[in-house]
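Structural overview
Residue strings, one per chain:
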Amino acid sequence: MVEEVQKHSVHTLVFRSLKRTHDMFVADNGKPVPLDEESHKRKMAIKLRNEYGPVLHMPSSKENFKEKGPQNASDSYGHKQYPANQGQEVEYLVTGTHPYPPGPGVALTADTKIQRMPSESAAQSLAVALPPSQARVDANRSAPAGGEFRHSGASERSQPAGMTSVVMEGGNAKNSALMAKKAPTMPKPQWHPPWKLYRVISGHLGWVRCIAVEPGNQWFVTGSADRTIKIWDLASGKLKLSLTGHISTVRGVIVSTRSPYLFSCGEDKQVKCWDLEYNKVIRHYHGHLSAVYGLDLHPTIDVLVTCSRDSTARIWDVRTKASVHTLSGHTNAVATVRCQAAEPQIITGSHDTTIRLWDLVAGKTRVTLTNHKKSVRAVVLHPRHYTFASGSPDNIKQWKFPDGSFIQNLSGHNAIINTLTVNSDGVLVSGADNGTMHLWDWRTGYNFQRVHAAVQPGSLDSESGIFACAFDQSESRLLTAEADKTIKVYREDDTALGVDEDIQSFCALARNIKQKLTCLNHCCFIFYNKLPLPVFLFLK
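This one's a predicted model, so the numbers in the text were calculated from it and none came from an experiment.

How each quantity is defined
- Residues numbered from 1 in each chain as written.
- Predicted model: local features only at pLDDT ≥ 70, side-chain atom pairs only at ≥ 80, totals over all residues.
- Heavy atoms only, no water.
- Buried < 20%, exposed > 50% of the residue type's maximum accessible area, 1.4 Å probe, protein only.
- Helix = DSSP H or I, 4+ residues; strand = E, 2+ residues; numbered from the N terminus.
- Pairing = 2+ DSSP bridges.
- pLDDT = per-residue confidence, 0-100.
- Contact = heavy atoms within 4.5 Å.
- Salt bridge = Lys/Arg side-chain N within 4 Å of Asp/Glu carboxyl O.
- Axes fitted to C-alpha atoms, helices over the stretch in contact; angles between N-to-C directions.

In this section: the pairing of strand 9 (residues 219–224). Within a regular strand, side chains alternate between the sheet's two faces. The buried fraction of strand 9 is high, at six of six residues. Where burial is concerned, the two faces of strand 9 agree: the one with Trp-219, Val-221 and Gly-223 and the one with Phe-220, Thr-222 and Ser-224 are both buried. Strand direction decides the pairing type here: strand 8 (residues 208–213) and strand 9, joined by five bridges, are antiparallel. What sits directly across from Ala-212, in strand 9, is Val-221. Joining the antiparallel neighbours strand 8 and strand 9 is a turn of five residues, in which Asn-217 adopts a positive phi near 65°. Note: strand 9 against strand 10 (residues 228–233), five bridges, orientation antiparallel. Residue Thr-222 lies in a different strand from strand 10, and its bridge partner there is Lys-230.

Pasting the structure below:
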């Protein structure tokens, strides 16, 4: 017997369906997810470490450490605290701070030792900002062990301009209070006269990729994509000599200050030494596995350093042609290399976005700087200060030797920066792939001039690019090697006035105009008064 199904109206069926749906979901409607304490703790620990790592832990005094005991020395998120010297009486304890690892991929462990700060100047500077009781504790505060590896942006992190952090001690609890301070003002930049183009030299049949001025300041040398090296007279701009021998683009040239030699390198993997008395190649330096992008000579010893697309830099003995060291560590092409007499003696910039400072004797990395986000194609050393600058599409950054301490960013040149050069007056020049050249005041980072010279007739606008630039030995002329196959020569504008002189000149001109207008009004008044009334009304 088939049971009859009770029939209901559509309205009743819909209502029942709604009721069942409501009963199914009403329990979770608007109800928050229960909080899992373990996951919340882990989330907060990760967030604190990532965002507040450098200032997360405060030094604990000896008294607090004795009260808590070493076995209980841990924070609320499970980070263990390790005393600086086990078994010795110490005045301080830095919680959760470890030296940086010697290289990427090296993990930190609980056995990592904490070292005391080697210099007392930092401790004295801390004592100025902290109360006496806290200054006594922090005077011996430990620091990372020398900074062989720096995390990106770590040295640039700072507090907001309007606030400063002051540590106050009340009983056993340490609190951080925020006090308003005067906002920093930008230092006044030194005035530099603008530079103007006064000569364009043509003669190469390809992009001009590199340029160097000889120590006597009589001539300069360029290397080009037409595979030739040309020597030009600096005063007249006339071609003196062409050297052939490379079978691909010449990417780097440099003239020795210690001997009559010219060194060149190119995309044919070759590094050549030219004797300028005979204008012939006398030495080859074999070893690079790919294109050689740059080279530099050590200022005090007979050592040549080259960098290549094979991710290495090589140190060569100039006389014996022997490869002294192969500097490996970069993970992409090494675009630029610079040498100096003081430590660190070798600096390289690479397409892997890092800058490395090298120990010449050991052939190993001293410091790795990872602040740049894009390829580093240019590095320049200041001729007087113990500082250097690096150029990348994200920023130009200034650094302090010997540890590579960050100084400041020079922002505004938004292009691929191929070259940097600086003179002893503090004029930094950056040249880019789009043909723009920016001039900066080294001390303040102020961009006082922007230049975009026109390409030579017959070239495309897209061939506007600067690959290299250099000051001559007198620093009165600036030479640029460009993609329109020319060398452009700039000099300072002698007619330009400084800011103060400009203002004084403008004020004098305004006073002169005012006097002439006053005299003109007076003459018009006399003229109108002497006219007959009908003529006066007509003119008015």
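Let us now look at the confidence of the model for the protein chain. Confidence in the prediction of the protein chain, expressed as mean pLDDT, is 79, and 66% of residues score 70 or more. Across residues 70–108 the pLDDT falls below 50, and counting only partners more than four positions away or on other chains, this stretch makes 75 contacts in the model. Across residues 112–178, where pLDDT falls below 50, the model places 113 contacts with residues more than four positions away in sequence or in other chains.

Moving on, we come to the pattern of salt bridges. Evaluation of the coordinates by the stated rule reveals nine salt bridges. With a shortest N-O distance of 3.2 Å, Lys-488 and Glu-482 are connected by a salt bridge. The same class applies to Lys-488 and to Glu-482, which are both buried. In this structure, Asp-484 and Lys-488 form a salt bridge, with 2.8 Å as the shortest nitrogen-oxygen distance. Residues Asp-484 and Lys-488 agree in their burial class; the two are buried.

The subject of this paragraph is the sheet that holds strand 28 (residues 417–422). With antiparallel pairing, four strands are arranged side by side in an open sheet as 28-29-30-31. This sheet does not close on itself; its edge strands, each paired only once, are strand 28 and strand 31 (447–451). In this sheet, adjacent strand axes meet at a mean angle of 20° when their direction is disregarded. Pairing geometry for strand 29 (residues 427–432) and strand 30 (residues 437–441), over five bridges, is antiparallel. Bridged to Val-427 within strand 30 is Asp-441.

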